[in-house]
Structure formats: structure tokens, C-alpha cells
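Residues per chain, in single letters:
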Amino acid sequence: MELIMLLNDKYAKSILNVLYNTGPLTRKQINKLLKMRLNSLVDICNQLVKEEYILHQDACKTRNIPLMLNPKRFAAIGAEHTKDLLRCILLDVRGEKISAATFPLNPLLGGQERLSRIVELLTKFRQLQQDCEICALGFADVGIVNTEMGTGVYSVHVPDWENIPVRKVLEQEIGLFTSIVDRSGASALDYLRTNPDNEKVKNSLQIFVGNGIGASILQNGRYWGADTPSSCQLGHTIAVPDGELCHCGNRGCVETLATIPAVLHRIDALSKGKIKDKEIFLRKVSDGDRLCELVLREAGMALGVAISNVVTFTAITNVTIRSELCKYSTVFFDAIRETVAKNVIYPFSRNVQISVSTQDEDCSAMGAAFYAQQNYFSIDKGFKVFK
């Protein structure tokens, strides 16, 4: 059976899918799950072993040998696209990070020129990977995305980033099965990847606060954005009607109050220009500067109101906050927690649990790779082979 025919065979797909989702299994265990004719299953497994898509877990055994996916194959690239960088990682099929690289991006470069530059950087990163065969690419995009169409819908932080056919171009130019997800959604997927059996994680709200505010929901162990055409934008919900002008063109968005740039803008005004640098601000927060703590508390309260509305609307009471603003002091986090406790409707308020994320900075890239692998091993979506 030819390679492309093998990966397009529905039974071969089913075998690879079940090994990806459950881990090593014997032929008998696979047959029990798939209910195939045993002779057909054995024949296809033998073909997959011959092509080294699957391996015997224990070469010393002669009977009832568990089969496993070949860790040298099925690796996935994960890429996080931000205003000023492209962060790339390579994730193997066991969920282990093999390599990573970060490339600067010109924040003024936009549209198709920016996408072409991203293609160049991803091609460069792929060429550096010599030890694993890569099957998929996950792209965590800045701003609003359409996961179904694979487009970058719009970003307020990147010029001319509107209705960009990211998946189409990346599949054509890179030659890999590609999935697109927003950065917050990718971070949430990485959280799920590392806590697959945690029921609180399976139903949770993740909030990211940096230059913008991102949010993502996990519901019953599924990424909410996978079932909707576009990602949600908590940062652009209105906190103060007719308030300060936001990058998006509206006024009074949460992002005008609770992002790192918003906090720096506020402390710059209150300190009359004495504190405007992020590092200086964070150091003063760490030292307990009263004015800096006041600004941080105001930001936490504003974000806390927005989170309260999401919790009351969705009844999802497990919340994780990921932000540099939580690293140097508890003021920001405490303000969020107190505000949520005060504003969420009973009985949801009784069950609210808020924690600070311990994820690494590459979590969105990791989550994007994980999402692409999941989709690649999907019977309906995946196993696309590029000649």
C-alpha cells in the first residue's frame, strides 16, 4: 500500500487516532475499541509498522506487544504571532518540547508583507529541525481569528491585519497541515494539555493580560473557540461608556484600563512623568510604592468587573490569570479576586476559584502545536499529506 493511500485509509486513520488519544495498545486492545475484522487490523498495523509510523513498545516481547506512535514522526510546529515577534516551538507526539526559537518582527510591517515574512521565518525554523518528521503546524494568531476559515480576522495591534488567509497561505508555502487559533485559546489548550484529567481545568476561564487582554474558555474539556467562527475579545467589552479612546476605535474598553500600557499611561500621568518605564514601575510595585499599588489596584478592579460578567453569564467559576503584573506583587491579583467575589451572582460566587497561572512564556506556541496535532489525528479533518 502506497504511503499516501495508507494515510488516507479510514482504518489506518482510526488506528493512528486511537493510539494518539489513548497511548500504547496491543492489537487486541485496538480491535476491541475499533471493532474491525482482526485480519484487516493486523494487516494495516503491519503496514504502519513497516513504514515506521508505529513501533513496538517493547522489542524484547514476542506476543501481545503494545504498539505506539513513532516519536520520530508526527511532530508539530507551534507558532505564536505577536505584534513584535514570532515564537516557535517543536512538539513531538509524546507532548515533549524538542526545540524553540524566537524571531523579531517589525511591528510596523503589516498585511501580506508581514505574512510573507512569517512564511520565511517558519521555513527557516522548519529547516533547522533534523531529528523529527513534522506533520502539522499550529498558528496562534494575534487578535481575532476564524478557526473554521483559518483567517486572521482583525488585529488592532498589527497594521492591515484584516481577513488574512493565514491557513491557506501557510499550507501552500510551508506544506504542512495547518490549524489556526487565537493566542489566548492556544494558551488555554496548553493548560488543558498539561492537566488532561483535572476537572477544574476542563471547565475554566483563562485570562491573559499584557499589551492587550485575551480570554478563552474550556468547557467539558473542549476549547470553546473550536465550535465558534471567531474568537472572543474580553478586552474590548465596554467598562466605561464614552470613556478613553481604545486602539479598536471604541471608547471605554477594558483594555484602556487594565493592560500594561494602560497602567503605565495612568502612572505616568499621576507621577507627572517620573514613572513611565515598565521595569521601573514593576520594581516600585515590588518595593510597595503606594501610588503604583493604587494604579495596579484600579486596573485589577476594572478587570475584575469584566471577569465577573463572564462568570455570571457562563457559570464557569474556575479562573486563571496569566500576567506579568502578578509576578511582582499580589495587589493586581487581590483586586481581581475581591472584585469578582463581590460582583458574581450567588450561588456562583460561592464556587469561584481564581489562581495565578504558572505557564511558561511559550505556552501559546505549545498550545497551538497541540491543537494542530489534535486536528491532524482527527478522522474527519486530519491526515492531510502534501506531496
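Fair warning: this is a prediction, and the values are worked out from it, not measured in the lab.

Student: Hey, could you run me through the packing of aromatic side chains in this one?
Tutor: Note on aromatic pairs: each is described by the distance of the centres and the angle between the planes. Using the criterion set out here, one finds seven aromatic pairs in the structure. Measuring from centroid to centroid gives 6.3 Å for Phe74 and Tyr376, while their planes differ by 50°, and the two rings are tilted. Taken as a pair, Phe74 in the loop between β2 (67-69) and β3 (75-81) and Tyr376 in helix α15 (residues 363-376) lie far apart in primary sequence, 302 residues in all. Look at Phe74 and you get buried, because its relative accessible area is 3%. When its relative accessible area of 4% is taken as the criterion, Tyr376 is described as buried.

Student: Help me understand the sheet that holds strand β11 (residues 204-209) in this model?
Tutor: Across a sheet, paired strands are connected by hydrogen bonds in the backbone, their directions being either parallel or antiparallel. The strand order β13-β12-β11-β14-β15 describes an open sheet built from five strands, whose pairing is mixed. Two strands lie at the open edges of the sheet, namely β13 (222-223) and β15 (353-356), each paired on one side alone. Bridge count for β11 against strand β12 (residues 213-219) is six bridges, and the pairing is antiparallel. Its bridge partner lying in β12, Phe208 is registered against Gly214. Against the sheet, helix α7 (residues 183-194) makes contact with β11, β12, β13 and β14 (318-323), and its axis sits at roughly 45° relative to β12, the strand it touches most. Across the face of the sheet, helix α13 (residues 331-343) comes into contact with β11, β14 and β15 while running at roughly 170° to β15.

Student: What am I meant to see in the pairing of strand β6 (residues 134-141) here?
Tutor: Across a regular strand the side chains alternate sides, sitting on one face of the sheet and then on the other. Counting buried positions over the eight residues of β6 gives eight, a clear majority of the element. Pairing analysis gives six bridges linking β3 to β6, with the strands arranged parallel. Counterpart to Gly78 in the pairing with β6 is Gly138. With six bridges connecting them, β6 and strand β10 (residues 177-182) associate as parallel partners. Across the sheet, Leu137 pairs through a bridge with Thr178, a residue of β10.

Reading guide: rules and limits
- Residues numbered from 1 in each chain as written.
- Predicted model: local features only at pLDDT ≥ 70, side-chain atom pairs only at ≥ 80, totals over all residues.
- Heavy atoms only, no water.
- Phe/Tyr/Trp six-rings, centres within 6.5 Å; stacked < 30°, edge-to-face > 60°.
- Helix = DSSP H or I, 4+ residues; strand = E, 2+ residues; numbered from the N terminus.
- Buried < 20%, exposed > 50% of the residue type's maximum accessible area, 1.4 Å probe, protein only.
- Pairing = 2+ DSSP bridges.
- Contact = heavy atoms within 4.5 Å.
- Axes fitted to C-alpha atoms, helices over the stretch in contact; angles between N-to-C directions.

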